[in-house]
Amino acid sequence: MNDVSFRGATFSGTAMFGGTTFTGNTLFDGAAFEGRVSFRKAAFSGKTMFNGAIFSSDAVFEGITITARATFDGAAFGGSAWFAASAFRDPVSFQKTTFHDLALFEKAAFSSGAVFD
């Protein structure tokens with residue numbers, strides 16, 4: 001997918017983006033995921049933004065690759081957040097992000113730094 005924007009979108013059921021290749025900027029700012037969401041093994045090569053996104057159930061980002069700047073600032077994870085074995089090549093920011101359940105970053109690689117506060 002080239003540039004894609006899901007800003008403010010609401011996903012009522014399960015949302016499956018596993019294995020998707022996003023070749024442009026990917027914007028999920030303010031999106032609401034009411035059911036389980038999976039981006040397992042997705043690849044993002046443009047700016048990736050989930051600022052203010054709400055994940056009401058489990059969010060699976062396991063094995064993703066992001067090669068440009070990524071921001072999850074102000075996102076809220078109500079279920080488990082799985083980022084295990086993910087690769088962040090440019091800086092990634094989780095400023096003011098809330099994790100209400102398990103946040104798993106085992107074997108994740110942060111090549112250019114990460115901000116959590």
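Conventions used here
Residues numbered from 1 in each chain as written. Predicted model: local features only at pLDDT ≥ 70, side-chain atom pairs only at ≥ 80, totals over all residues. Heavy atoms only, no water. Helix = DSSP H or I, 4+ residues; strand = E, 2+ residues; numbered from the N terminus. Rg over C-alpha atoms; globule rule 2.2 N^0.38 Å. Buried < 20%, exposed > 50% of the residue type's maximum accessible area, 1.4 Å probe, protein only. Lys, Arg positive; Asp, Glu negative; His and termini not counted. Charge placed at Lys NZ, Arg CZ, Asp CG, Glu CD. Salt bridge = Lys/Arg side-chain N within 4 Å of Asp/Glu carboxyl O.

**Q** Quick question: what am I supposed to make of the overall build of the protein here?
**A** Across its full length, the protein carries zero helices and 21 strands. For 117 residues, the compact-globule formula gives about 13 Å, and the C-alpha radius of gyration of the protein, at 12 Å, lands near that figure. Across its three principal axes, the protein shows a C-alpha extent of roughly 35 × 30 × 20 Å. Residues classed as buried in the protein amount to 44% of the 117 residues present. The distance from the centre of the 9 positive side-chain charges to the centre of the 10 negative ones in the protein is 6 Å.

**Q** Teacher, can you tell me more about the pattern of salt bridges here?
**A** Close approach of charged atoms allows side chains of opposite charge to pair. Taken as a whole, this structure holds two salt bridges when the rule is applied. Note that arginine 7 and aspartate 29 form a salt bridge whose closest N and O atoms lie 3.3 Å from each other. Here the residue arginine 7 occupies a position in the loop between β1 (4-5) and β2 (10-11), and aspartate 29 occupies one in the loop between β5 (26-27) and β6 (32-33), the gap between them amounting to 22 residues. What makes aspartate 29 buried here is its relative accessible area of 15%. Measuring nitrogen to oxygen at the nearest pair gives 3.9 Å for the salt bridge that ties arginine 40 to glutamate 62. Taken together, the residues span a long stretch of sequence, with arginine 40 in the loop between β7 (37-38) and β8 (43-44) and glutamate 62 in the loop between β11 (59-60) and β12 (65-66) at a distance of 22 residues. Since its relative accessible area comes to 41%, arginine 40 is described here as partly exposed. Take glutamate 62: its relative accessible area is 29%, and that puts it in the partly exposed class.

Function cannot be read off these values alone, since they describe shape.
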